[in-house]
Amino acid sequence: MTQRHTAVAATATPDRVRSSSRDGGRSQHGADDGAEHRAGHQTGQGTGQEAAHPHEQQAEHPAGRRADYRAAFDAAHLAMAVVDRTGHVVRANQALAGLLGAQPHALAGRSAADLVDLASEARTWQAYQEVLRGRQARLRCTRRIKHPDGHSLWTEITLGPVPGSGEVLLSVADISDRRDLQARLRHLQMHDPVTRLPNRALFFERLSAALEASSYEHGGTGRIGLCYLDLDGFKAVNDTLGHRVGDRLLTAVAARLTQCADQSGYGRTGGHLVARLGGDEFALLVEDSTGTEQLADLARSVLAAVQEPFDLAGQRLSVSASIGVVERAAAGTSATALMQAADTTLYWAKADGKARWTLFDPERNAHRMTRQALSSTLRPAVERGEFTLEYQPLVDLESGLVRGVEALVRWSHPQFGTLTPNRFIGIAEEDGSIVQLGRWVLRTACRQARRWQIEQPSDSPVFVSVNVAVRQVWDSDLVGDVAEILSETGLAPQLLQLELTESAVMGSAGRPLQALQALSDMGVRIAIDDFGTGYSNLAYLSRLPVSVLKLDGSFVRGFRYEEGAHPNPADETIVEALVQLAHRLGLTVTAECVETAGQAARLRRVGCDTGQGWLYSRAVAPELIAEMITARPPSA
């Protein structure tokens, strides 16, 4: 029993000795343990179990552990080196020596930063120094190392402290195969599978990099250009010949674009980036452009190259392209802004007739942006009451009395100020808000005409003339709206005149013609505005429910007496013939744009009924019209 107890004590003794040493020195317990250890050694020689204890004790000795660690270090497949606090290699294993093409002993004393290129980047070098000083626990980075035989390999470098020492462990892992795989995957991800060109993702990556200010620090022009194009009628090729032929056409176009870029490219990158952005859309990015002329030359060469016929598997195809061209300073430009400008310019090229290139025009774009801003706020503006009406008098050419007024709408825009109808009526017709706006104009004008009639009774009250768009006839119940408004305001139908353009009235059929007839039957007068500028079908005119012809101002302007100039007799002959024709059909004639007394005299001489223009008044507020109604007419 005593012998077994002694053996167990002997086995536990080394741990207790180390524990006592950590606790601060040789105590009485430490001496007793030593005696117990010697007693156990003497009494435990008879069994195999007891004989194993000295070997265990030897394996746990620090010198033995260091030998084991060193053996594992030397035999490890991971390339490693121990680095001192000065940054020099203390010991390198065989794996690192093989990776660097040297012997392990030859690496000792070498600078670790030089071996694995840690000094080439300032941020990495700073972090490396922090690890050596013990201020940073770990560093991991990727470096490309050149082998003595000439080939290069990608490595992942890791540095961390060796516990219990002032040294640092450097490990180097070869990740070349992984990098190659990543590169192949990235190429597939960033290139179009049909044309093999860079795709949208790579294009925007390159564009964003090109717009960085640091890209132009070393001799660049600081400018950037873009040709953005798509093929005219490409959809027809796909629809008629199939997508296989369409893909071949895209590939052939890509080859020609690349050739054009290579021939004209002399920028910082040695050539221009050609990318397929999707569908039949391509882009040519010009870094360090020298100005619009360079982009214009490139666009012309691309246009000519694309227009050359293509021979594709027995099919001879001819296509064209529309190109939007943008060139500007890179500073202050974002990728989004550049692409918006390019897309807008491409739209202009399409709208102008296709098969052409168009250069970005800031003024034209400002007008487009204004138009877009107006379009987005037009409907709410009607509800907010931002519109007002002004009135321009229609004057009897014989008596000089105001016979009627034309209501002209104005938009008091909070950003752009007062806008005349030519700025927003076309937009309202496109988006359909003309129905809502037209109904408001009609109601306001009729209410004002009725107020004049009540405040200034007369045997011949003034009528009000309101412009009507064709879409109002198609998209709303114009007849019902007019009837409701006349009933609501109390205005007589004979005091309302509706103006439609000549092209709209002459093309009327079906529902529009029925609406005009119903309005005429109601007693409302129908006027053809801008008469003489469209395709006047005089035979058709006789069958329309029209009461008034308003001669376009281009006829009246020919009546002007200039100093030293004589009137053109042809103008007077044409106008006189139109007036006589209208009178034969029972219509009255109003001349627009009357600006001088001489014009008024000649119009009166040929029999024109009323005149409208700056000679009498511009469009004014309703209060001023009230004064004109009561004023004495000017003398002839």
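Shown above is the structure to which this text applies.
Residues numbered from 1 in each chain as written. Predicted model: local features only at pLDDT ≥ 70, side-chain atom pairs only at ≥ 80, totals over all residues. Heavy atoms only, no water.

Chemist: Go over the overall build of the protein chain, please, and point to the residues and values.
Modeler: Broken down by element type, the protein chain carries 27 helices and 21 strands. Sorting the 636 residues of the protein chain into buried and exposed places 42% on the buried side. Long-range contacts, defined as pairs at least 24 residues apart, comprise 62% of the intrachain contacts of the protein chain with a sequence gap of at least 6. Accessible surface, the protein chain: about 33,300 Å² in total, of which carbon and sulfur atoms supply 51%. (Helix = DSSP H or I, 4+ residues; strand = E, 2+ residues; numbered from the N terminus. Buried < 20%, exposed > 50% of the residue type's maximum accessible area, 1.4 Å probe, protein only. Contact = heavy atoms within 4.5 Å. Areas by Shrake-Rupley, 256 points an atom, 1.4 Å probe, with all protein chains shown as cover.)

Chemist: How would you summarise the sheet that holds strand 2 (residues 89-92) if you had to cite specific residues and measurements?
Modeler: Read from one edge to the other, the open sheet built from five strands follows the order 2-1-5-4-3, with strand pairing classed as antiparallel. Of all the strands in the sheet, just strand 2 and strand 3 (139-146) have a single pairing partner and so form its edges. Neighbour-to-neighbour, the strand axes of the sheet open up by a mean angle of 25°, direction not taken into account. The pairing of strand 1 (residues 79-83) with strand 5 (residues 168-174) spans five bridges and is classified as antiparallel. (Pairing = 2+ DSSP bridges. Axes fitted to C-alpha atoms, helices over the stretch in contact; angles between N-to-C directions.)

Chemist: Go over the pattern of salt bridges, please, and point to the residues and values.
Modeler: In the structure shown here, the tally under the stated rule is 27 salt bridges. Where D481 meets R439, a salt bridge forms, and the shortest distance between an N and an O atom there is 3.2 Å. Of the two residues, D481 sits in helix 20 (residues 478-489) while R439 sits in helix 18 (residues 434-455), which places them 42 residues apart along the sequence. We classify R439 as partly exposed; its relative accessible area is 30%. Linked through salt bridges whose partners overlap, the residues forming this network are E406, E499, K550 and E592. (Salt bridge = Lys/Arg side-chain N within 4 Å of Asp/Glu carboxyl O.)

Chemist: Go over the packing of helix 13 (residues 243-264) against helix 14 (residues 292-307) with me, naming the residues and quoting the values.
Modeler: A pair of packed helices is characterised by two quantities: the angle between their axes and the separation of those axes. Packing of helix 13 against helix 14 leaves a shortest axis separation of 10 Å and a crossing angle of 145°. In the crossing of helix 13 with helix 14, the sense of the turn from one axis to the other is right-handed. Counted together, R256, L257, C260 and S264 of helix 13 and Q294, L298, S301, V302, A305 and V306 of helix 14 form the full contact between these two elements. Of the residues in the contact of helix 13 with helix 14, the class split is six nonpolar, three polar and one charged. (Left-handed = near helix turned anticlockwise from the far one by under 90°. Nonpolar A, V, L, I, M, F, W, Y, C, P; charged D, E, K, R; others polar.)

Chemist: Account for the sheet that holds strand 6 (residues 223-232), with residues named and values stated.
Modeler: Within the open sheet, the five strands sit side by side as 7-8-6-11-12. Their pairing is mixed. Bordering the open sheet on either side are strand 7 (273-278) and strand 12 (357-359), each of which pairs with just one other strand. Geometrically, the sheet is characterised by an average inter-axis angle of 20° between neighbouring strands, direction not taken into account. The pairing of strand 7 with strand 8 (residues 281-287) spans five bridges and is classified as antiparallel. Among the inter-strand pairings, V274 is bridged to a residue of strand 8, identified as L284. Along the sheet face, helix 15 (residues 335-351) touches strand 6, strand 7, strand 11 (320-329) and strand 12 and points at about 145° away from the line of strand 11.

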